[in-house]
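# Remarks on the overall topology
Residue-level listing of the chains:
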Protein chains: 2
Amino acid sequence: MKPDNIFADIPDNLETEIFERLAGGGQTSIERIVSRGQASPASGWYDQETSEWVIVLRGEARLSFEDRSSVHLREGDYINLPAHLKHRVDWTAPDRKTVWLAVHYRE
Amino acid sequence: MKPDNIFADIPDNLETEIFERLAGGGQTSIERIVSRGQASPASGWYDQETSEWVIVLRGEARLSFEDRSSVHLREGDYINLPAHLKHRVDWTAPDRKTVWLAVHYRE
């Protein structure tokens, strides 16, 4: 068995966000997301069938919610997004890569 | 909504490893583990009903397997441990805290 590294093999070209499934099965999916300056489309909310636990491992980001509240996530910050909690990514650091780990699961 | 930080609220006294569930539901459990010098009992293997995806976020550790292979995990290294893959923690850094994130799930 050989480990992989969550910070390795990140393409330099990040014109779009990169989503990669790292592991999972059944009702669980573990995913790496790499952003650089991207935000969700202004008009759009994520409205997901599954819950999502997400942590920022490098970089910085801001999420906002339908009630107009928002959270700023820095290195090590995590948050749990229950299924159907409408949210969007307002902002990610423009000058460096933001590496997220997301776990999608069913309650 | 308010984020928590994976590196916050770590007790200074780490005579034993600390396991804390951060989120989950259904067939998924997301857990923080903090170690400092601990290893599994020499005689014991973890033989788990569920699969476990684990990443070292700070510190360093070594896992070994029944076939006598072992892996050294440094910051950002992750590995997937299928259910019933017998493994043990051989070593964790004695001089600093090792912070793990583990996701237990069913395939």
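For the structure itself, look to the data block above.
### A look at the nonpolar core
- Counting 32 residues, the largest nonpolar core has Trp-53 of chain A together with Trp-53 of chain B as its most contacted members.
- Listed by contribution, the elements that provide at least two residues to this core are β2 (18-25), β3 (28-35), β4 (51-58) and β9 (98-105) of chain A together with β2 (18-25), β3 (28-35), β4 (51-58) and β9 (98-105) of chain B.
- Excluding its chain neighbours within four sequence positions, the residues that come into contact with Trp-53 of chain A are Tyr-78, Ile-79, Asn-80, Leu-101, Ala-102, Val-103 and Tyr-105 of chain A together with Leu-22, Ala-23, Ile-30 and Leu-101 of chain B.

### Examining the relation of the copies chain A and chain B
- The two copies are related by a screw operation: chain A maps onto chain B through 180° of rotation and 0.0 Å of translation along the axis, at an RMSD of 0.0 Å. Considering both components of the superposition, the chain copies are consistent with a two-fold axis.
- Both copies present the same face, since 100% of the interface residues in chain A are matched by interface residues at the equivalent positions in chain B.

### Describing the pairing of strand β7 (residues 77-81) of chain B
- Burial runs high along β7 of chain B: four of the five residues are buried.
- Two strands pair when backbone bridges link them, and strand β1 (residues 4-5) of chain A and β7 of chain B are joined in this way by two bridges, in the antiparallel orientation. Within β7 of chain B, the residue paired with Asp-4 of chain A across the bridge is Tyr-78 of chain B.
- Across four bridges, the pairing between β4 of chain B and β7 of chain B is antiparallel. Opposite Glu-52 of chain B, over in β7 of chain B, you have Leu-81 of chain B as the bridge partner.

### Quick look at the pairing of β3 of chain A
All names here are of chain A.
- Counted residue by residue, β3 has eight buried out of eight residues, so it is predominantly covered.
- Both faces of β3 are covered, namely the face carrying Thr-28, Ile-30, Arg-32 and Val-34 and the face carrying Ser-29, Glu-31, Ile-33 and Ser-35.
- For β2 and β3, the ladder comprises seven bridges, and the chain directions are antiparallel. Considered in β3, the bridge of Gly-25 is made with Thr-28.
- Count of turn residues in the β2/β3 antiparallel hairpin: two residues, of which Gly-26 carries a positive phi of about 60°.

### A look at the packing of aromatic side chains
- Taken as a whole and assessed by the stated rule, the structure comprises two aromatic pairs over all chains.
- Where Trp-53 of chain A meets Tyr-78 of chain A, the ring centres are 5.2 Å apart and the plane angle is 35°; that geometry is what we call tilted. Of this pair, Trp-53 of chain A sits in strand β4 while Tyr-78 of chain A sits in strand β7 (residues 77-81), and the two are 25 residues apart along the sequence. Each of the two residues, Trp-53 of chain A as well as Tyr-78 of chain A, counts as buried.
- Sitting over the face of the ring of Phe-7 of chain B, Arg-58 of chain B holds its NZ or CZ atom 3.6 Å from the ring centroid.

### Considering the pattern of salt bridges
- A complete count under the given rule lists 14 salt bridges over all chains for this structure.
- Its salt-bridge partner being Arg-96 of chain B, residue Glu-60 of chain B comes within 2.7 Å of it at the nearest N-O pair. You can see Glu-60 of chain B sitting in the loop between β4 and β5 (61-65) and its partner Arg-96 of chain B sitting in the loop between β8 (87-92) and β9, a full 36 residues away along the chain.
- On the basis of relative accessibility, which here comes to 17%, the residue Glu-60 of chain B falls in the buried class.
- Where salt bridges share partners, they join Glu-60, Asp-95 and Arg-96 of chain A into one cluster.

Rules used throughout
- Residues numbered from 1 in each chain as written.
- Chains lettered and ligands numbered in written order.
- Predicted model: local features only at pLDDT ≥ 70, side-chain atom pairs only at ≥ 80, totals over all residues.
- Heavy atoms only, no water.
- Core = buried A, V, L, I, M, F, W, Y, C linked by side-chain atoms within 4.5 Å.
- Buried < 20%, exposed > 50% of the residue type's maximum accessible area, 1.4 Å probe, protein only.
- Helix = DSSP H or I, 4+ residues; strand = E, 2+ residues; numbered from the N terminus.
- Contact = heavy atoms within 4.5 Å.
- Least-squares fit on C-alpha atoms with pLDDT ≥ 70 in both.
- Pairing = 2+ DSSP bridges.
- Phe/Tyr/Trp six-rings, centres within 6.5 Å; stacked < 30°, edge-to-face > 60°.
- Lys NZ or Arg CZ within 6 Å of the ring centre and 35° of its normal.
- Salt bridge = Lys/Arg side-chain N within 4 Å of Asp/Glu carboxyl O.

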